[in-house]
Amino acid sequence: MSEVFVSVPQDLARILRVSEKDLPKVVRLYLAIELYREGKISLGKAVEIARVTKWEMMEILASKGIPLQYDEEDLKEDVETLERLL
């Protein structure tokens, strides 16, 4: 996945109460959560953007009261995973 770099206000780290070093990770996570909540991306894409595991993302979404949207793409990914493991 190619990346695009975006400038954000320097005080965003203070607002989010994170170190400047952790800011890119937190911004990716917030972006992934919101795009998933709006139904614009799948769980798999949210995982990719946030750079967390699928299970971590599911826990994060659950902690924020965001229901899982299980679609055809998610089913396909799960089937591919099972086929690799079996």
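For the structure itself, consult the block above.
Since this is a predicted model, take the numbers as computed values, not measurements.

**What to know about the overall build of the chain**
Okay, so step 1: On a plain count of helices and strands, the chain comes out with five helices and zero strands.
Okay, so step 2: N-terminal to C-terminal, the α/β element order of the chain is α-α-α-α-α.
Okay, so step 3: If you line up the chain on its principal axes, its C-alpha atoms span 45 × 30 × 20 Å.
Okay, so step 4: In the chain, once contacts between residues fewer than 6 apart in sequence are set aside, the share between residues at least 24 apart is 40%.

**Quick notes on the packing of helix α3 (residues 43–50) against helix α4 (residues 54–63)**
Okay, so step 1: Remark: α3 packs on α4, axes separated minimally by 9 Å, with the N-to-C direction vectors making an angle of 100 degrees. On the basis of the axis angle, α3 is roughly perpendicular to α4. Contacts from Leu43, Ala46, Val47 and Ala50 in α3 reach Lys54, Met57, Met58 and Leu61 in α4.

**Considering α3**
Side chains that are three or four residues apart share a direction in an α-helix, a result of its 3.6 residues per turn.
Okay, so step 1: Among the eight residues that make up α3, six are buried, leaving the element largely enclosed by the rest of the structure.
Okay, so step 2: Taken together, the buried positions of α3 are occupied by Leu43, Gly44, Ala46, Val47, Ile49 and Ala50.
Okay, so step 3: Where α3 is buried, its residues touch α2 (23–37), α4 and α5 (72–85).
Okay, so step 4: Two residues or fewer past α3, Arg51 is found with a positive phi of approximately 60 degrees.

**Let's talk about the layout of surface pockets**
Okay, so step 1: What the largest pocket holds in volume is close to 520 Å³.
Okay, so step 2: Along the walls of the largest pocket sit 15 residues, with Val4, Val6, Pro24, Val27 and Arg28 positioned nearest its centre.

**Notes on the environment of Leu12**
Okay, so step 1: Note that Leu12 resides in helix α1 (residues 12–16).
Okay, so step 2: It is 43 Å that separates the C-alpha atoms of Leu12 and Glu83, two residues lying 71 residues apart in sequence.

**Quick look at the environment of Glu73**
Okay, so step 1: With respect to the helices and strands, Glu73 occurs in helix α5.
Okay, so step 2: When its relative accessible area of 42% is taken as the criterion, Glu73 is described as partly exposed.
Okay, so step 3: Taking the C-alpha atoms as reference points, Glu73 and Ala62, eleven residues apart in sequence, are found 20 Å from one another.

**Brief notes about the pattern of salt bridges**
Okay, so step 1: In this structure the tally under the stated criterion is six salt bridges.
Okay, so step 2: One salt bridge connects Arg14 with Asp11, and the closest N-O pair in it is separated by 3.4 Å.
Okay, so step 3: For Arg14, a relative accessible area of 58% corresponds to the exposed category.
Okay, so step 4: Among the ionic pairs, Glu48 bridges to Lys45, the shortest N-O distance being 3.4 Å.

What counts as what
Residues numbered from 1 in each chain as written. Predicted model: local features only at pLDDT ≥ 70, side-chain atom pairs only at ≥ 80, totals over all residues. Heavy atoms only, no water. Helix = DSSP H or I, 4+ residues; strand = E, 2+ residues; numbered from the N terminus. Contact = heavy atoms within 4.5 Å. Axes fitted to C-alpha atoms, helices over the stretch in contact; angles between N-to-C directions. Parallel < 35°, antiparallel > 145°, perpendicular 65-115°, else oblique. Buried < 20%, exposed > 50% of the residue type's maximum accessible area, 1.4 Å probe, protein only. 1 Å grid on protein atoms, 1.4 Å probe; cavity = no way out; pocket = protein on both sides within 12 Å on 5 of 7 lines; lining within 4 Å. Points joined across faces, edges and corners; volume = space filled by probe spheres on them. Salt bridge = Lys/Arg side-chain N within 4 Å of Asp/Glu carboxyl O.

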